[in-house]
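Residue-level structural notes
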Amino acid sequence: MLRISKIFNLNDPGWGRGNQNGSGQNEPPKRPSNQGDGPPDLDQVWADFNNRIKSVFGNKKGGGGGFGKPPRSGGFNPSPKAARFGVVFIIIVALLLWLASGFYIVREGQVGVVTQFGKYLKTVQPGFQWHIPRPVQNVELVDIASVRSFSVGYRDNSRNKVLPEALMLTEDENIVDIQFDVQYRLKAAMPLGAGDYSPAADYLFRLVSPDESVRQAAETAIREVVGKQSMNKILYESRTAAAIDVMKLMQQILDRYQSGIEVTTVAIQNVQPPEQVQAAFEDAIKAGQDNERQKNEGNAYASKVIPEARGQASRMVQDAEGYRATVVGQAQGEAARFESIEKEYAKAPEITRERMYISTLENVFKNASKVMLDAEGGNNMMYLPIDKLIEQTPASASAPATTSVPSGATTSSSSTVSGSTTDASAASRSRLTRDNFDRR
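Residues numbered from 1 in each chain as written. Predicted model: local features only at pLDDT ≥ 70, side-chain atom pairs only at ≥ 80, totals over all residues. Heavy atoms only, no water.

**What to know about the UniProt feature "transmembrane region" (unreviewed entry) in the protein chain**
Quick note on the threshold: UniProt positions are given in the numbering used here, feature names are shortened, and annotations may be inferred rather than shown by experiment. Helix and strand definitions here come from DSSP, where helices need a minimum of 4 consecutive H or I residues and strands a minimum of 2 consecutive E residues; each element is numbered from the N-terminal end.
Residues annotated in UniProt with the feature "transmembrane region" (unreviewed entry) correspond here to residues 82-106. Between the end C-alpha atoms of residues 82-106 there is a gap of 43 Å, over a span that is 76% helix and 16% strand.

Put into C-alpha cells, the structure is as follows:
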C-alpha cells in the first residue's frame with residue numbers, strides 16, 4: 001500500500017524531476033532546466049509516473065526470453081507477490097466501477113421497469129435508485145405523465161384526409177366521413193404484490209407495438225359505434241354520445257389486452273357525408289325537415305282542435321245530465337207533493353179543497369194587472385195597482401188586446417174590461433181544479 005501511495009503522491013518534491021534517490025542506471029536523460037525552482041517538465045512527469053508503476057510490480061532486472069527461458073537482461077520481471085497484488089487491485093477497481101454503473105435517477109413523471117436476465121422483476125418510483133448492473137439487471141425508464149395523441153381520418157389538418165380511415169358505413173347503409181382525435185396515457189397505478197405487472201410493464205411487454213394497437217382499437221371502436229346508428233342520428237343528434245361510447249369501447253379493448261393504457265379523450269372533429277353525394281344529401285335533408293315541419297304543424301292543430309271538441313261534448317253531456325236531473329227532481333217533487341195533498345184531502349176534503357182553491361186564486365191574482373172587486377150594496381169598483389202597471393207596460397204594449405169574459409160573480413150585470421187574457425185563463429184553471437176535486 002505504501003508503494004501504491006507513492007505512485008499518486010503529488011506532494012513528492014521529486015515528482016516530475018526524476019528519481020533522485022535511486023541509482024539512476026535506467027532513468028531517461030534529464031532535460032536541462034533553465035530555472036531550478038520552476039515547474040517540472042511534462043515529459044519528465046510522465047517518465048516518473050511510468051517508473052513508479054513499474055516499481056509496484058518489481059524492479060527492472062531484465063526481460064524474459066520466452067516461456068521456460070531465463071529472463072533477458074534489461075526486461076520487466078515482477079515478483080509473484082507484486083503480480084498477485086496488481087491483479088487483485090485491477091479486479092477490485094473493475095468491480096467497483098461495475099457496481100457504480102448500477103446507480104440511476106428516475107425523474108418525476110417517470111417510473112423505472114427493472115428486469116433481471118430479461119424477465120420483469122419490479123417497478124420503481126421516481127428518485128435515486130440502484131440495480132445490479134448489466135448483464136444481471138437492466139432498467140428502462142417509462143414516461144407515465146405525458147399525454148400521447150393521434151388522429152384518425154386525417155393528418156395535421158382536416159383537408160389532408162385519409163379516406164380508408166375516414167369512410168364508415170352506418171346502420172341504414174349510408175357512408176359517412178368521420179374525423180376524430182384520441183388522447184391517451186399510461187396508468188399511474190403500481191403493482192399490489194411482488195412480481196405483479198405494473199401498467200408500465202404491461203405497456204412494454206404485453207404488446208409488440210402498443211401505440212399502433214391503440215390506433216387499431218380506436219378504428220375498431222368507432223366503426224362499431226357508427227355501424228349501430230343511422231346517418232341522421234350520427235350527423236345531428238348523437239355526436240357527443242358517440243364519442244363517449246367510442247372511448248368506453250376502446251378502454252374495454254385495451255384492458256382486455258392488458259396494455260396498461262388509459263384513454264383520456266375522444267373528440268369527433270367532423271362528421272359529413274362524402275363529397276361526391278353531399279349536394280344530394282343536403283336536398284334530402286331539406287325534404288326531411290319540411291316533412292317533419294308539416295307533421296309538427298298537423299300535430300299542433302290536432303292538439304288544439306281535439307281537446308276543444310272533447311270539452312264541448314263533455315259540456316253538452318253535463319248540461320243534459322243536469323237538465324235530466326232537474327226534470328226528474330221536479331217531477332218527483334210534484335208527485336210527492338200530490339201524494340201528501342191526497343192524504344190530507346182524504347182526512348178533511350172540504351177544508352183541503354177550500355185551501356187549494358184559495359191558494360190557486362192567490363197564485364193567479366198575484367200575476368194579474370187588473371183585479372175586479374164585488375162590493376155588497378154598491379157599484380163595482382176596479383182596483384188598479386199602479387206599480388204593476390208600470391212594470392208591465394212594455395209587456396202589455398207588445399201583447400195583443402183581448403176581451404175579458406164574465407168572472408162568474410153573484411151580480412147579474414158585469415162590466416167588460418179590456419186587458420190581458422191572464423184573468424180569464426186563471427179563473428178557468430181555478431174552476432177546473434175545483435171541479436176535479438169535486439169529482440173525486
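**Considerations on a nonpolar patch on the surface**
Let me state the cut-off plainly: Nonpolar side chains (Val, Leu, Ile, Met, Phe, Trp, Tyr) within 5 Å and like charges within 9 Å form the patches, drawn only from residues with over 30% relative accessible area and no salt bridge. Only the protein chains shown count as cover for residues, and all accessible areas are computed by the Shrake-Rupley method using a 1.4 Å probe. Salt bridges are counted wherever a side-chain nitrogen of Lys or Arg sits within 4 Å of a carboxyl oxygen of Asp or Glu. The rule is simple: take the accessible area with a 1.4 Å probe, protein chains only, and divide by the maximum for that residue type; under 20% is buried, over 50% is exposed, in between is partly exposed.
Residues Leu95, Trp98, Leu99, Phe103, Ile105, Phe128 and Trp130 make up a contiguous nonpolar surface patch of about 710 Å² in total accessible area. Mapped by element, the contributors of at least two residues to the nonpolar patch are α3 (80-100), β1 (103-106) and β4 (127-130). Per-element accounting of the nonpolar patch gives the leading share, three residues, to α3. Mapped onto the elements of the fold, tryptophan 98 is located in helix α3. Residue tryptophan 98 is classed as partly exposed on the basis of its relative accessible area, which comes to 33%.

**Quick word on the pairing of strand β3 (residues 119-124)**
Here is the rule: At least two bridges found by DSSP between two strands are what make those strands a pair.
When strand β2 (residues 110-116) meets β3, the two strands line up antiparallel, connected through five bridges. Opposite valine 113, over in β3, you have threonine 123 as the bridge partner. Here β2 hands over to β3 after two residues, with phenylalanine 117 in that stretch at a positive phi of 55°.

**Description of the side chain of threonine 170**
Using the following cut-off: Residues are treated as being in contact if the distance between any of their heavy atoms lies within 4.5 Å.
With respect to the helices and strands, the residue threonine 170 is situated in the loop between β9 (167-169) and β10 (175-186). Assessed through its relative accessible area of 4%, threonine 170 is described here as buried. Apart from residues lying up to four places away in sequence, threonine 170 is in contact with Val176, Val226, Gly227, Gln229, Ser230 and Met231.

**Section: the sheet that holds strand β5 (residues 137-143)**
The cut-off we apply is this: Fitted lines through C-alpha atoms give the axes, limited to the stretch in contact for helices. The angle between two N-to-C directions lies from 0 to 180 degrees.
Taken in spatial order, the three strands line up as β3-β2-β5 in an open sheet, and their pairing is antiparallel. Each edge of the open sheet carries a strand with a single partner, namely β3 and β5. Here the strands of the sheet are splayed against their neighbours by 25° on average, with no regard to which way each runs.

**Describing the pattern of salt bridges**
Tallying each qualifying case throughout the model produces eleven salt bridges. One salt bridge connects arginine 155 with glutamate 165, and the closest N-O pair in it is separated by 2.9 Å. You can see arginine 155 sitting in strand β7 (residues 154-155) and its partner glutamate 165 sitting in helix α4 (residues 163-166), a full ten residues away along the chain. Here glutamate 165 falls in the buried class, since its relative accessible area comes to 12%.

**Digging into the packing of helix α6 (residues 210-227) against helix α8 (residues 239-256)**
For clarity, the cut-off: Angular relationships are summarised with four words: roughly parallel below 35 degrees, roughly antiparallel beyond 145, roughly perpendicular across 65 to 115, and oblique for the angles in between. Take the far helix as the reference: if the near one is turned anticlockwise from it by less than a right angle, the crossing is left-handed, and if turned clockwise, right-handed. Put simply, Ala, Val, Leu, Ile, Met, Phe, Trp, Tyr, Cys and Pro go in the nonpolar bin, Asp, Glu, Lys and Arg in the charged bin, and everything else, Gly too, in the polar bin.
The N-to-C vectors of α6 and α8 enclose an angle of 135°; their axes lie 9 Å apart at closest approach. Put simply, α6 runs oblique to α8. Crossing hand, α6 versus α8: right-handed. Within the contact between the two elements, α6 uses Val214, Ala217, Ala218, Thr220, Ala221, Ile222, Glu224 and Val225 and α8 uses Ala242, Asp245, Val246, Leu249, Met250, Ile253 and Leu254. Classifying every residue of the contact of α6 with α8 by side-chain character gives twelve nonpolar, one polar and two charged.

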